[in-house]
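Summary of structural features
Here's the letter readout for the chains.
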Amino acid sequence: MDLRAGDSWGMLACLCTVLWHLPAVPALNRTGDPGPGPSIQKTYDLTRYLEHQLRSLAGTYLNYLGPPFNEPDFNPPRLGADTLPRATVNLEVWRSLNDKLRLTQNYEAYSHLLCYLRGLNRQAATAELRHSLAHFCTSLQGLLGSIAGVMATLGYPLPQPLPGTEPTWTPGPAHSDFLQKMDDFWLLKELQTWLWRSAKDFNRLKKKMQPPAAAVTLHLEAHGF
Amino acid sequence: MALFAVFQTTFLLTLLSLRTHQSEVLAEHLPLTPEALKVSVNSAQQCLHLQWTVHNLPYNQEFKMIFQIQISRTETSNVIWMGNYSTTMKRNETVHWSWESELPLECAAHFVRIRSVVDDARFPEWNFWSSWSSWQEVNVQDSTGQDTLFVFPKDKLVEEGSNITICYISGNIQNDISCYLEGEQIHGEQLDPHVSTFKLENVPFIRKGGTNIYCEEKQRKAISNGTVLFVSKVLEEPKDFSCETRDFKTLICTWDPGANTALDWSKQPSQSYTLFESYSGKKKHCEEKNRCNWQITQDSQEIYNFTLITENYLRKRSVNLLFNLTHRVHPMSPFSVQFENISATSAVMTWKVHSLGDYFTLLCQVELHGEGKMIQHNVSVKANGKYLLNELEPNTEYVAQVHCADDNHFWKWSEWSGRDFTTPEAAPSEAPDVWRTMKSGSHNVTLFWKPLSKFHANGKILFYNVAVENLDKPSRLEHRSIPAPANSTELTLDGCSYQIRVTASNSAGASPAAVIVVSAAPGNKEIEEEIIEGTEDGFSMSWKPQSGDVMGYVVEWCDRPQDPLCDFQWKKLGPNTTSTVISSDAFRPGVQYNFRIYELSTKRIAHLLERKTGYTRELAPSDNPHVVTNNLTSHSFTLSWKNYSTKSQPAFIRGYHVYLKSKEEQCQPGAEKAVLPDDTVCCQYKIDNPEQKTFTVENLKPESFYEFLVTPHTSFSEGPSGTFTKVRTPDEYPYMLVHVIVPVVICVVLLVCGCLLKSQWMKDKCYPDIPDPYKSSVLSLIKSKENPHRTIMSISDCIPDAIEVVNKQEGSKIQSLGTRKSLTEPELTKLSYLYLLPTEKNYSGPGPCICFENYTYNQAASDCASCGHAPVSPEAPPSQWGLLTSSENLLKALEKNYMNSLGEIPAGETTLNYVSQLASPMSGDKDSLSTNALVPPPCSEYKMQMAVPLCLASPPPTENSDLSSITLLGPSEHYR
């Protein structure tokens, strides 16, 4: 488009173009709708809170399992815990994840982990432990809802579970209680890693969703017109 | 007939032979080897279930048989168990038998074989062992990969204290493997190169979540696998199993369940409890662990035989209880407890009970709590209970409660039901205890009374009534009402006798009156105080009754005698009592308590009988008396401590000890040597009369130091070892001198006064005008010969030293100017001393320096360093003198004096000089001065004296004309 000074039609056309594109600039939408920023921040805060909560719960639960599960350097093979969603990922792969995939992975992981965690609750005997686990499950459910909220704000659909792939916590007859305890250990460990990763994920998202300087400039220029 | 017999015999023989043949066939052709042996495995139970049959059994009848079973492990030759199993069986019947292995069956292959024998008396011919069946192998190896380590048994449930064997199968793993139980390594034995077993004995209960046993490869330091051993607590037999009914509708059975044997991970739930009644054959599963309700049916069953069964996965236990229902009645607690007709001393209690039927009578127990006491009464009750509570105290809060039990067959009391109530007040039941004090010499009577005890007050005392009646003359009764809680009042009476009546009143009425009579003539004669010994428990005292007809005795005292209010106390005693013990919590050691014992006549008049005093415990005196020293003489002094009060001491003062320290080794008569706590020895005087508060120490030495200490002593100790006070006896002569000198001084004063009156006369006689040296002929002679700059020393420059008045006879003057020897002769010279006086009345300058020659000083001034005068050499120039003294005036004076005295210095005088300084010419005119100088004084001459040290007296080696007349003087001579 050839714009020259004094060309009122050209200016008008430019203004109309800018105004047309304004709703598409995320930073400018903040005036009416706060956008995903606050909900991401809340999700991040909830993640940190769950990290803290899990630290206490894991200590209690591993003591309930007894040695060697409560020993500090215990690192069992991941025998029966293969079905647990893995939080560890290559750094480059993690960096290359787009927002949707990033959020989807978090959502799917916590959906599965929550289901496993409820199975853990069924086995625990002491009332105190059951109460702690139930409280943590409620908090984790809240985190899941919070992630779903962020995804909805950004317009991402929630992942649908494939029929028949609903994770269950029903160990087969060959699955001994010792291996089950090891799975419990891995569940708590994976949960801890996921919360740590989620904190990184949401921190990254939070920074990304902050209004870039160019958008603000554009906003001012448009306002100046 | 014979044919028949032959036929019969033949038949029997045939039959016998047939039977023999059959036996031989069974033995040879019918082996009883067990067949169709099948072995199944129960891994969780670690059991082998065997089933087999014996096909070759003849006849279709039961045979009693013994089966011998062999079990081998790992290989057939390794037989680990062999045993017999006896049973009866028919042909083709299947026999079942189980064997429990201590080693998990997964750990090794097992082999089983069986053989049998007929153990039946009917067939003794078959009593031989059959052949062994073929070995049957049992192998329950896990089908998973060979690179995985397995630990068996998996998730085993065992009872606490049992023994268990575990094993691991390492498969193809070549590394060393260590196994741990809850972190502690366990050691086992190797079964084969890939299998090791561990025997755990007496396994403990650790947690409901199971005991973890795990193995790890040493090289990898990673846990390979493990198992959880679920150790259950031992199921206990229920204790204190009991059943009872409260309403004949439900039986409530209770028991103590003991430890919960539940385990987590769904391994074992809590033990279950089931109630079984054998007569009715009914069974009930109990929902709760420690109680169960059993519904009583209306079939009039009286006897119950209960069995309480508890079980878990590992064990089953039971207890039995047989009882008659009517003997196990635990009534419900009574209700509607009420009180009726509550008076000061009684109340009626009513209550209701839940009916148990017409044939039941309840025994109810009423308990009454009040005033720290408890009273129980039993009442038999059908439906409504009622009981009269009597002998209650007025104005008292009571709690009454009731519980009931079956009267026919006591089983248990019901719970208590109760209420509280308070009885109303009643008039006080007893007269207050009244006593009085009377101030001596006045008619003021203070009445005291003790508050009534709660038992006698019967309510809250509101006021005390005091009625005073004059006994000597009829008059109006005087009433006084004193509100409680006052406990005294003061009455002012006249000299008459009065009867005083005191009553205490509450809301219900007044108490009986306490009567006391105050006599017009108290007749408190002087009664000597008796000392009594007290103890921590109080004072025990007795008295002698004076008159036979008495109402009683009263002992009065003060609990705090040192306080102004003194906390007055008394104790009334009966007429037959002549001794008592007075005790009080207020009694303190070291405090003197005084007791007065009164006798109460039948007319209620009190007479002082005896006085006692004492301490509960005497303490050592804490202070020594403040002692004043009087009458100090050279041989004695008097000590006095009259302000010392013996009454306020913490013990009875029995006397005093006076300690005297001196340099004398021997003590005076009346004293004895005593060693003080600091090991010093001194003399001790003993004073045994506590009221003797002065003491004179005699036979002392004059001008000597003495130290004394006065300390009180009691019957067991004496006062503190305080500091001694020093005293010095004076000299005995001043005493005499005072008598001599005082009159002399008075005489001298009178003489001086007389002299002052005759001063002019005295002046003429004693100190006439001083001659002026300026007008001396000698001075004129010197002036003509010597330096005209020389001047006569001004008297104002002279420092006065002393005035010497020398009375000389005219005839001896010339001699005195000659040798010293002639001067010192007493017969020639009389010396006297006067103070320096001004030469003229109008003299206003510095005081004249007039020195009178002092021969005594002359001799004494041999040491130049100690001389009070500036040492002067006659030959020393002024500059040198400046080194000796900074006073310029002194320098000039010395110079002038030297010049003046040249004319008088005889040849051959000594080095120590006394240079006269004559009167200053500044104050007078030269004429008169010169005139006077030439005229010698009539009775004295004045010369200023200066001591000149020997070291400076040597003349300088010059031939100055000034020195021409100076002659080196010998020792002990002086310039003149």
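Scope of this entry: the structure provided in the associated data block. What you are looking at is a predicted structure, and each value in this text was computed from that prediction instead of being measured.

How each quantity is defined
Residues numbered from 1 in each chain as written. Chains lettered and ligands numbered in written order. Predicted model: local features only at pLDDT ≥ 70, side-chain atom pairs only at ≥ 80, totals over all residues. Heavy atoms only, no water. Helix = DSSP H or I, 4+ residues; strand = E, 2+ residues; numbered from the N terminus. Buried < 20%, exposed > 50% of the residue type's maximum accessible area, 1.4 Å probe, protein only. Contact = heavy atoms within 4.5 Å. Areas by Shrake-Rupley, 256 points an atom, 1.4 Å probe, with all protein chains shown as cover. Disulfide = S-S within 2.5 Å. Pairing = 2+ DSSP bridges. Axes fitted to C-alpha atoms, helices over the stretch in contact; angles between N-to-C directions. Salt bridge = Lys/Arg side-chain N within 4 Å of Asp/Glu carboxyl O. Expected span 1.5 Å × (residues − 1). Buried area = accessible area lost by both parts, 1.4 Å probe. Polar contact = N/O pair within 3.5 Å; in protein donor to acceptor, adjacent residues only side chain to side chain. Nonpolar A, V, L, I, M, F, W, Y, C, P; charged D, E, K, R; others polar.

Observations concerning the overall build of chain B
Helix and strand content of chain B: 11 helices and 57 strands. Taken over 976 residues, chain B has a buried fraction of 44%. Considering only contacts in chain B between residues 6 or more positions apart, those separated by 24 or more positions represent 68%. Surface exposure of chain B reaches about 52000 Å², of which carbon and sulfur atoms provide 52%.

Considerations on the state of the cysteines
Disulfide: a covalent bond connecting the sulfur atoms of a pair of cysteines. All names here are of chain B. Within this structure, the stated rule accounts for 7 disulfides over all chains. Two residues, Cys107 and Cys167, share a disulfide whose sulfurs are 1.7 Å apart. Looking along the S-S bond of the Cys107-Cys167 disulfide, the torsion reads about -90 degrees, which is the left-handed sense. A residue pair is termed long-range when its members are at least 10 positions apart, and Cys107 in the loop between strand 5 (94–100) and strand 6 (110–118) and Cys167 in strand 10 (residues 164–169) qualify at 60 residues. Neither residue differs from the other here; Cys107 and Cys167 are each classed as buried.

Here's the deal with the sheet that holds strand 17 (residues 239–245) of chain B
Residues and elements named next belong to chain B. Spatial strand order, 17-18-21: 3 strands in an open sheet with antiparallel pairing. Single-partner strands in this sheet number two, and they are strand 17 and strand 21 (291–295). For this sheet the average axis-to-axis angle between neighbouring strands, irrespective of direction, equals 15 degrees.

Digging into the pattern of salt bridges
Counted under the stated rule, the structure contains 24 salt bridges over all chains. Note that Arg95 of chain A is salt-bridged to Glu92 of chain A, the shortest N-O span being 3.4 Å. Within this pair, Arg95 of chain A and its partner Glu92 of chain A are both found in helix 3 (residues 91–96), separated by 3 residues, close to a single helical turn. The exposure class of Arg95 of chain A is partly exposed, given its relative accessible area of 43%. Measuring nitrogen to oxygen at the nearest pair gives 2.7 Å for the salt bridge that ties Arg207 of chain B to Glu182 of chain B. Placement of Arg207 of chain B in the loop between strand 14 (195–200) and strand 15 (211–217) and of Glu182 of chain B in the loop between strand 11 (177–181) and strand 12 (184–186) is noted, with a sequence separation of 25 residues between them. Across this residue pair, the class does not change: Arg207 of chain B and Glu182 of chain B are buried. Among the ionic contacts, a cluster of salt bridges with common partners joins Arg102, Arg197 and Asp201 of chain A.

Quick look at helix 2 (residues 37–65) of chain A
In this model, helix 2 of chain A (29 residues) spans 41 Å end to end at C-alpha, consistent with the 42 Å of a helix rising 1.5 Å per residue. Immediately downstream of helix 2 of chain A, the backbone of Gly66 of chain A shows phi near 90 degrees, a positive value.

Details of the pairing of strand 52 (residues 705–713) of chain B
Every other side chain in a regular strand lies on the same face of the sheet, so the side chains alternate between the two faces. Residues and elements named next belong to chain B. Along strand 52, 7 of the 9 residues are buried, which leaves the element largely enclosed by surrounding structure. Of the pairings in the sheet, the one linking strand 52 to strand 53 (residues 725–728) comprises 4 bridges and is antiparallel in character. When the sheet's bridge partners are listed, Phe705 is paired in strand 53 with Arg728.

Considering the pairing of strand 23 (residues 316–324) of chain B
All names here are of chain B. Bridge analysis of strand 22 (residues 303–311) against strand 23 gives 9 bridges, and the strand direction is antiparallel. In the sheet register, Asn305 faces strand 23, and the bridge partner there is Leu322. The loop that links strand 22 with its antiparallel partner strand 23 comprises 4 residues.

Topic: the interface of chain B and chain A
Across the boundary between the two partners, chain B contributes 20 residues, which contact 22 residues of chain A. Of the roughly 1600 Å² buried between chain B and chain A, counting both surfaces, carbon and sulfur atoms make up 58%. Seen at the junction of chain B and chain A, the total is 1 salt bridge. Seen at the junction of chain B and chain A, the total is 7 residue pairs in polar contact (both at pLDDT 80 or more). Counting only elements with at least two residues in the side of chain B that touches chain A, the list comes to strand 15 and strand 16 (222–232) of chain B. In terms of residue count, strand 16 of chain B provides more of the side of chain B that touches chain A than any other element does, 7 residues in total. Tallied by class, the residues present in the side of chain B that touches chain A amount to 6 nonpolar, 8 polar and 6 charged.

Examining the sheet that holds strand 24 (residues 335–340) of chain B
All names here are of chain B. Pairing is antiparallel across the open sheet formed by 3 strands, whose spatial order is 24-25-28. In this open sheet, the two edge strands, each paired with only one partner strand, are strand 24 and strand 28 (384–389). For this sheet the average axis-to-axis angle between neighbouring strands, irrespective of direction, equals 15 degrees. Of the strand pairs in this sheet, strand 25 (residues 347–352) and strand 28 are connected by 6 bridges, and their pairing is antiparallel. When the sheet's bridge partners are listed, Lys352 is paired in strand 28 with Asn384.

The analysis is restricted to geometry; functional conclusions fall outside its scope.
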